[in-house]
Amino acid sequence: MNTFKSLLSGVALSVALATSAMAAGVELNASSTGLAMQGYDPVAYFTDGAPAKGSYKITTVFNDATYRFASEEHKAQFEANPEAYLPAYGGYCAFGTAMGFKFDGDPEYWKIVDNKLYLNLSKDIQTRWEGNIPGFVQDANGHWENIADVEPAALQQ
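Now for a quick tour of the structure.

Parameters at a glance
- Residues numbered from 1 in each chain as written.
- Predicted model: local features only at pLDDT ≥ 70, side-chain atom pairs only at ≥ 80, totals over all residues.
- Heavy atoms only, no water.
- Helix = DSSP H or I, 4+ residues; strand = E, 2+ residues; numbered from the N terminus.
- Expected span 1.5 Å × (residues − 1).
- Buried < 20%, exposed > 50% of the residue type's maximum accessible area, 1.4 Å probe, protein only.
- Polar contact = N/O pair within 3.5 Å; in protein donor to acceptor, adjacent residues only side chain to side chain.
- Phe/Tyr/Trp six-rings, centres within 6.5 Å; stacked < 30°, edge-to-face > 60°.

A few points about helix α6 (residues 133–147)
- Taking 1.5 Å of rise per residue, 15 residues should cover 21 Å, and α6 covers 20 Å from first to last C-alpha, within 8% of that figure.
- The set of residues buried in α6 consists of I133, G135, F136, V137, A140, W144 and I147.
- Its side-chain oxygen at 3.1 Å from the backbone nitrogen of G135, N132 defines the N-terminal cap of α6.

Written out as C-alpha coordinates, the structure reads:
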(Lines give C-alpha, C1' and ligand atoms only; values in the text may rest on other atoms or scores of the structure.)
Protein backbone atom coordinates (compact mmCIF):
# COMPACT_ATOMS: atom_id res chain seq x y z
CA MET A 1 0.00 0.00 0.00
CA ASN A 2 2.89 2.38 0.77
CA THR A 3 4.35 1.79 -2.70
CA PHE A 4 0.97 2.64 -4.25
CA LYS A 5 0.75 5.89 -2.23
CA SER A 6 4.29 6.84 -3.26
CA LEU A 7 3.52 6.11 -6.89
CA LEU A 8 0.28 8.09 -6.70
CA SER A 9 2.06 11.02 -5.04
CA GLY A 10 4.74 10.95 -7.72
CA VAL A 11 2.14 10.97 -10.49
CA ALA A 12 0.24 13.82 -8.83
CA LEU A 13 3.43 15.85 -8.47
CA SER A 14 4.36 15.22 -12.11
CA VAL A 15 0.92 16.34 -13.29
CA ALA A 16 1.10 19.45 -11.10
CA LEU A 17 4.52 20.38 -12.45
CA ALA A 18 3.48 19.74 -16.05
CA THR A 19 0.33 21.79 -15.60
CA SER A 20 2.17 24.72 -14.06
CA ALA A 21 4.80 24.56 -16.77
CA MET A 22 2.06 24.72 -19.41
CA ALA A 23 0.26 27.68 -17.88
CA ALA A 24 0.69 30.97 -19.70
CA GLY A 25 2.85 33.74 -18.27
CA VAL A 26 1.55 36.89 -16.60
CA GLU A 27 1.66 38.77 -19.92
CA LEU A 28 -1.39 36.73 -20.97
CA ASN A 29 -4.79 36.90 -19.33
CA ALA A 30 -5.36 33.16 -19.10
CA SER A 31 -6.85 30.84 -16.51
CA SER A 32 -4.67 28.81 -14.17
CA THR A 33 -4.91 25.96 -16.68
CA GLY A 34 -3.71 28.21 -19.51
CA LEU A 35 -7.09 28.76 -21.22
CA ALA A 36 -7.04 32.11 -23.02
CA MET A 37 -9.99 34.40 -23.68
CA GLN A 38 -12.26 32.36 -21.38
CA GLY A 39 -12.56 29.83 -24.20
CA TYR A 40 -13.82 32.29 -26.82
CA ASP A 41 -12.71 31.95 -30.43
CA PRO A 42 -10.34 34.85 -31.28
CA VAL A 43 -10.93 34.47 -35.04
CA ALA A 44 -14.73 34.80 -34.80
CA TYR A 45 -14.51 38.52 -34.00
CA PHE A 46 -12.88 39.11 -37.37
CA THR A 47 -14.81 36.62 -39.51
CA ASP A 48 -18.26 36.68 -37.88
CA GLY A 49 -18.19 40.15 -36.34
CA ALA A 50 -19.28 38.70 -32.99
CA PRO A 51 -17.88 36.72 -30.07
CA ALA A 52 -18.31 32.95 -30.25
CA LYS A 53 -17.50 30.28 -27.70
CA GLY A 54 -14.86 27.88 -28.92
CA SER A 55 -15.14 24.12 -28.66
CA TYR A 56 -13.00 22.18 -26.20
CA LYS A 57 -12.50 19.75 -29.09
CA ILE A 58 -10.94 22.35 -31.43
CA THR A 59 -7.89 23.90 -29.77
CA THR A 60 -4.34 24.99 -30.33
CA VAL A 61 -1.58 26.15 -28.00
CA PHE A 62 0.27 29.38 -28.69
CA ASN A 63 2.73 31.03 -26.26
CA ASP A 64 1.77 28.47 -23.59
CA ALA A 65 -1.91 29.43 -23.74
CA THR A 66 -4.73 27.28 -25.10
CA TYR A 67 -7.10 28.86 -27.59
CA ARG A 68 -10.44 27.33 -28.53
CA PHE A 69 -12.20 27.71 -31.86
CA ALA A 70 -15.75 27.42 -33.13
CA SER A 71 -14.58 25.64 -36.30
CA GLU A 72 -11.59 23.88 -37.82
CA GLU A 73 -11.43 26.73 -40.38
CA HIS A 74 -10.97 29.28 -37.60
CA LYS A 75 -8.27 27.14 -36.02
CA ALA A 76 -6.42 26.93 -39.36
CA GLN A 77 -6.68 30.72 -39.84
CA PHE A 78 -5.27 31.31 -36.35
CA GLU A 79 -2.43 28.83 -36.78
CA ALA A 80 -1.47 30.47 -40.08
CA ASN A 81 -1.12 33.92 -38.45
CA PRO A 82 -1.78 33.99 -34.68
CA GLU A 83 -0.61 37.59 -34.24
CA ALA A 84 -3.45 38.79 -36.50
CA TYR A 85 -6.09 37.46 -34.09
CA LEU A 86 -4.60 37.79 -30.61
CA PRO A 87 -6.23 40.42 -28.43
CA ALA A 88 -4.17 43.47 -27.49
CA TYR A 89 -2.42 43.51 -24.13
CA GLY A 90 -2.60 39.74 -23.75
CA GLY A 91 -6.38 39.88 -23.44
CA TYR A 92 -6.40 42.19 -20.44
CA CYS A 93 -8.85 45.11 -20.37
CA ALA A 94 -7.70 47.82 -22.80
CA PHE A 95 -8.98 50.64 -20.58
CA GLY A 96 -7.32 49.14 -17.49
CA THR A 97 -4.05 48.86 -19.38
CA ALA A 98 -4.34 52.53 -20.34
CA MET A 99 -4.54 53.28 -16.60
CA GLY A 100 -1.51 51.07 -15.86
CA PHE A 101 -3.42 48.07 -14.48
CA LYS A 102 -4.28 44.55 -15.58
CA PHE A 103 -7.95 43.68 -15.27
CA ASP A 104 -9.72 40.77 -16.92
CA GLY A 105 -10.83 41.45 -20.45
CA ASP A 106 -14.37 40.15 -20.93
CA PRO A 107 -14.73 38.58 -24.40
CA GLU A 108 -18.29 39.93 -24.57
CA TYR A 109 -17.01 43.56 -24.48
CA TRP A 110 -14.79 44.00 -27.48
CA LYS A 111 -13.95 46.21 -30.42
CA ILE A 112 -11.69 45.84 -33.43
CA VAL A 113 -9.71 49.01 -34.13
CA ASP A 114 -7.16 49.13 -36.96
CA ASN A 115 -7.37 45.34 -37.31
CA LYS A 116 -6.55 44.77 -33.63
CA LEU A 117 -8.91 43.12 -31.14
CA TYR A 118 -9.39 44.96 -27.84
CA LEU A 119 -11.25 43.56 -24.84
CA ASN A 120 -12.69 45.52 -21.92
CA LEU A 121 -13.78 44.65 -18.39
CA SER A 122 -17.45 45.62 -18.66
CA LYS A 123 -20.01 47.53 -20.69
CA ASP A 124 -19.51 50.72 -18.63
CA ILE A 125 -15.73 50.53 -19.00
CA GLN A 126 -16.02 49.91 -22.72
CA THR A 127 -18.28 52.93 -23.13
CA ARG A 128 -15.69 55.04 -21.31
CA TRP A 129 -12.86 53.59 -23.44
CA GLU A 130 -14.79 54.32 -26.64
CA GLY A 131 -14.86 58.00 -25.64
CA ASN A 132 -11.18 58.36 -26.59
CA ILE A 133 -9.94 55.17 -28.23
CA PRO A 134 -6.83 56.71 -29.88
CA GLY A 135 -5.73 58.36 -26.63
CA PHE A 136 -6.37 55.28 -24.52
CA VAL A 137 -4.58 53.01 -27.01
CA GLN A 138 -1.59 55.36 -26.95
CA ASP A 139 -1.58 55.35 -23.12
CA ALA A 140 -2.04 51.57 -22.97
CA ASN A 141 0.80 50.97 -25.43
CA GLY A 142 3.08 53.11 -23.27
CA HIS A 143 2.09 51.33 -20.04
CA TRP A 144 2.20 47.84 -21.54
CA GLU A 145 5.97 47.94 -21.96
CA ASN A 146 6.34 48.39 -18.20
CA ILE A 147 3.54 46.14 -16.92
CA ALA A 148 3.45 43.19 -19.34
CA ASP A 149 5.64 41.02 -17.11
CA VAL A 150 4.17 42.17 -13.78
CA GLU A 151 1.60 40.14 -11.82
CA PRO A 152 -1.82 41.89 -11.98
CA ALA A 153 -2.11 42.02 -8.16
CA ALA A 154 1.28 43.73 -7.83
CA LEU A 155 0.03 46.65 -9.92
CA GLN A 156 -2.78 47.37 -7.45
CA GLN A 157 -0.54 47.93 -4.43
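Here's the deal with the packing of aromatic side chains
- Summed over all chains, the structure comprises 11 aromatic pairs.
- Note on F62 and F78: the rings are 6.1 Å apart at their centroids and 90° apart in plane angle, and the pair reads as edge-to-face. Placement of the pair is F62 in strand β1 (residues 55–62) and F78 in helix α3 (residues 72–80), with a sequence separation of 16 residues.
- Residue F78 is classed as buried on the basis of its relative accessible area of 1%.
- On the numbers, 6.2 Å between centres and 50° between planes, the contact of Y92 with W144 is tilted. Of this pair, Y92 sits in the loop between α3 and α4 (94–98) while W144 is found in helix α6, placing the two residues 52 residues apart along the sequence.
- For Y92, a relative accessible area of 4% gives the class buried.
- Using a relative accessible area of 19% as the deciding quantity, one classes W144 as buried.
- A network of ring pairs unites the aromatic residues Y89, Y92, Y118, W129 and W144 as a single cluster.

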